[in-house]
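Coordinates in review
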Amino acid sequence: MAFLRARGIGALPWILCLLACSPAGAQRLPTTITPNHYDLAFDVDLATARFEGVETINVSLAQPSRRITLNALDIQFHEVTINAGGSDQKASVALNTATETAALTVAREMPAGPAAIHVRYTGTLNDKLRGFYLSKANGRNYAVTQFESTDARRAFPSFDEPAFKATFSVTLTIDQGDTAVANGQLVSDTPGPKPGRHTLTFSETPKMSSYLVAMAVGDFRCLEGGSEGVPIRICATPDKTELGRLALDAAQRILAFYNGYYTIKYPFKKLDVVAVPDFAAGAMENTAAIFYREVDLLADSKSASVENLQRIWVVLAHEMAHQWFGDLVTMQWWDDLWLNEGFATWMEKRPLAALKPEWRMDVEAVLDTQRAMALDALGSTRAIHTAVETPAEIEASFDVIAYEKGASVMRMIEGYLGPEVFRNGVNTYIDQHAYGNATSADFWTAMTKVSGKPIDRILPTFVNQPGVPVVGVTLRCDASPQLAVSSERFFTDPAMAKVVRTKPSWETPLCTKTPAAASGCSVVGKQATIPVEVASCPRWAFVNTGANGYFRSAYSADMLRAIAPDIGSSFSEPERLSIVGDEWALVRAGRHSVADYLTLAAGFGREHANGVLAEVSSRLLFVRDYLTSGESQEKYERFMQSLFGPLYRELGLNASPGDDDDKRALRATVIQTLDLGGNDAALASDARRALEKSLSGGAAMDASAAKAIASVAARHGDQTLWTQLLDASQRANSPTERYRLLYALGAFEDPALIDRGLNFALTPELRSQDTPTFLGSFLSNPMARPRAWAFIKQHWNELAPKTTIAGGDTRLVESLGAFCDSRSRDDIKDFFKTHKLPAASRALDQTIERINNCIAMKERESGNVAAWLAAR
Ligand SMILES: [Zn+2]
């Protein structure tokens, strides 16, 4: 699934994945009965939101038995017959909703060997955005599936675990005038069986896991194209079909790239990509039928920002990478989810780096690593490989650890082996396990064999243990130059070292460079001495060449002083980003003072790489929001004006024809930072003028700066603007435009307008899928935060059904991590003691720990900020 975070300052971390919350007990199916093939026929009635299912499952019994247990939930069984040993027997059905299973029992023992289970059943198209569910747009109903992780069982009785791979043949009976998409190709479309209906048959799929089965039914229209002999379609509701052109172009080029990367060419006969009006995740990699939320797939070239375009490309590249990693080769069990998600998050940047070099995927990758390391510095983090059993535990594992840490660890190994050797290892692994399942150990065994390097020694230390190492580096030149390095677990709160009992140690590849040259990689444990291959003592030696490592670096003070003047000349943008990121982490941990960071950051006023500036900006905004107040805040805002004002005056609000994509994105970062950090009055009135002009049909804002401009204007805006924004968002056909204006409602500072915005969340006009993000926009606004939290508590009964689907509960809990005081912390803890969110319980621990870390930093560093400002 796509699980990406929106970029941009003050943006809510936009985690897109499904989180279930049914408190089911642990239950794995027995392995003595395995499915081989499913025949699935659905009769779908969109008007009554019901479906009838007729199913045959061909299974193999390893031993004689009277009972077959499989998964089923929220469906009504009408008749079950099992054919085994040449005779049919009626089966009784015992449902267990706690384990989400059905036990089918027959009177006479069935012999070992093949058996066929026939089931007639009915179900409801639900409003929970999972299983087989109802979606609505333009007054019409649609039926759509979302099965990952454990919801195929809501649509058909199934052996609903990833290791039970089988082939699937699907038939759909639907209304005349509607169409359907499934995993297979359409092989027949015949009228009937009743008047006004038609029946569509799809080709048998290759062997695959049940969570990858997909169906979409309704009035969809598709754009058609193709690449490398594979037909590709982008489908949407009729009013939005034309907005799929950008995605079609991207999908065609990405498929060609992957066919060049993998030795196995695209393994399925067609690719359909469907934009669904209500969709919980960002997107879902169903085999040959990728489903999407509209805003992540559809855009028109006029109103699309660089951020939109990147999102469309990145999510397509992510879901298409899964066709190999996930669909063709699937993790054995959900505890190795990182093999799917870490890999797809790493791989999504490969085609973009090749096809869209201006988007700086090397910088994006380091931002992923920084995000993962920030979470991994908490005591409440988890290891990549973590035991999971219940649906809630499985869903909770779709997190930054599976995605961004998984990707970062892959990238570290690629950096250590070199891209070609790594690619050979990947292809060997895929070839060995195609149409089957694999574990973490299968992956590092293949990598070790192909590379001849100790990947099976390195990877388990990063996959099976929680946390991130910090590598201390000291240069010694008494004899021939050497680096003394040591590594230990890094915590934002140093006291955690005593609280957390696990004492991991890592085998870390360090790749060294000096001002003169790169000098190779060494794998180091807890303590080591690395020779530096240079003739004389270098000024400095840097151990994270390419910024490929998954570790924090702590250089000795004299080495850091030697590095500083060479930052612009000797270090790439990813390396610069890793240096400032590590410095901030050391400040957060109390190892360095915030004054050191401010001195370093004050040198970034001329930084023109957006990824680097965005990282520095977000830290500077943290300082403003949490470490200054009253007089120190006014002084700090003047510092921010002096730092970012010149860049704003250089870039302006509007794009120039020659601007490349990075410059357009940089402009948005500067606008947001100068407003939120510098409270710049001239900018506020510029933004209001530009927004009003565009809302009244005048000159459009630059698409990439529009979101920033709208939120600046909203922050200083009044009731007239509030109404204009809401009206315009409801008129917008392009999802980009709609959400840009809608989420700006969260930026207002006037208490009455904050309340009006919050109340909009209670109306049916806000889709469930959008509710957590909408509320999050208020929680990320310091002026709205306390009111938003009070509102959420007060209206929990109404909001819970909208936020406990779609991973919304986790996103909401994470948004609360923006509080930085003990009263709010205790209140949050108390509230969720009585309002339990099983799938978000680890996220809640992390939120509480984050708030505690913020409180400690506020106490420790506020005086240092004031002193630094006074000394300027
Ligand atoms: Zn994914």
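Residues numbered from 1 in each chain as written. Predicted model: local features only at pLDDT ≥ 70, side-chain atom pairs only at ≥ 80, totals over all residues. Heavy atoms only, no water.

1. Focus: the confidence of the model for the protein chain
Put simply, the test is: By definition, pLDDT measures how confident the predictor is in each residue, and it falls between 0 and 100. Here a residue-residue contact requires only that any non-hydrogen atoms of the pair lie within 4.5 Å.
Per-chain confidence: the protein chain averages 93 in pLDDT, with 97% of residues scoring 70 or above. Segment residues 4-25: pLDDT under 50, and 100 contacts once partners within four positions in sequence are set aside and those in other chains are kept.

2. Some details on the sheet that holds strand β6 (residues 92-96)
Quick note on the threshold: The criterion for strand pairing is that DSSP finds at least two bridges linking the strands in question. For the purposes of this entry, the term helix denotes a DSSP run of H or I that reaches at least four residues, the term strand denotes a run of E that reaches at least two, and both are numbered from the N terminus. Axis lines are fitted through C-alpha atoms, for helices just across the contact stretch, and the angle between N-to-C directions can take any value from 0 to 180 degrees.
Overall, antiparallel pairing links the three strands, which are arranged β3-β7-β6 in an open sheet. Both outer strands of the open sheet, β3 (65-71) and β6, are each paired with one neighbouring strand and no more. Along the sheet, successive strands turn relative to each other by an average axial angle of 25°, direction set aside. Summarising the sheet, β6 and strand β7 (residues 101-110) pair through five bridges and their orientation is antiparallel. Directly across from S92, in β7, lies its bridge partner T105.

3. Re the sheet that holds strand β28 (residues 552-555)
The strand order across the open sheet built from four strands is β27-β24-β23-β28, with neighbouring strands paired in mixed fashion. Each edge of the open sheet carries a strand with a single partner, namely β27 (527-531) and β28. Geometrically, the sheet is characterised by an average inter-axis angle of 25° between neighbouring strands, direction not taken into account.

4. A short note on the pattern of salt bridges
What counts is decided by this rule: For this analysis, a salt bridge means a side-chain nitrogen from Lys or Arg found within 4 Å of a carboxyl oxygen belonging to Asp or Glu. Burial here depends on accessible area, computed with a 1.4 Å probe over protein chains only, as a share of the maximum for the residue type. Under 20% is buried, over 50% is exposed, and the range in between is partly exposed.
The tally for this structure, following the rule as stated, stands at 56 salt bridges. Note that E307 is salt-bridged to K707, the shortest N-O span being 3.1 Å. Here the residue E307 occupies a position in helix α2 (residues 306-322), and K707 occupies one in helix α20 (residues 706-715), the gap between them amounting to 400 residues. Overall, K707 belongs to the partly exposed group, its relative accessible area being 35%. Residue K833 pairs with D830 through a salt bridge whose shortest N-O separation is 3.6 Å. Highlighted residues: K833 and D830, both in helix α28 (residues 822-834), separated by three residues, approximately one helical turn. Given a relative accessible area of 44%, D830 falls into the partly exposed group. One continuous salt-bridge network, built from bridges that share partners, spans D74, K128, D151 and R154.

5. Things to note about helix α15 (residues 594-601)
One turn of an α-helix holds 3.6 residues; hence residues three or four places apart share an orientation. The line we're drawing: Note: the arc covers the axis-to-C-beta directions of the helix.
If you check which residues of α15 are buried, you get V594, A595, Y597, L598 and A601. Around the axis of α15, the buried residues are gathered within 160° of arc, so they sit on the same side. Packed against the buried residues of α15 are α14 (573-588), α16 (610-627), α17 (630-651) and α29 (841-871).

6. With respect to unusual backbone geometry
Following E148, the chain continues to S149 via a peptide bond in cis, the omega torsion being 10°. The omega torsion of the bond from G192 to P193 falls at 10°, within 30 degrees of zero and hence cis. With respect to the element layout, P193 can be found in the loop between β13 (186-191) and β14 (197-202). Look at A49: it is not a glycine, yet its phi comes out positive at around 55°. Position of A49 among the secondary structure elements: in the loop between β1 (33-45) and β2 (50-61). A residue is classified by how much of its surface remains accessible, and A49, at 12% relative accessible area, is buried. Of note in this structure, N679 is not a glycine but carries a positive phi near 50°. With a relative accessible area of 31%, N679 lands in the partly exposed category.

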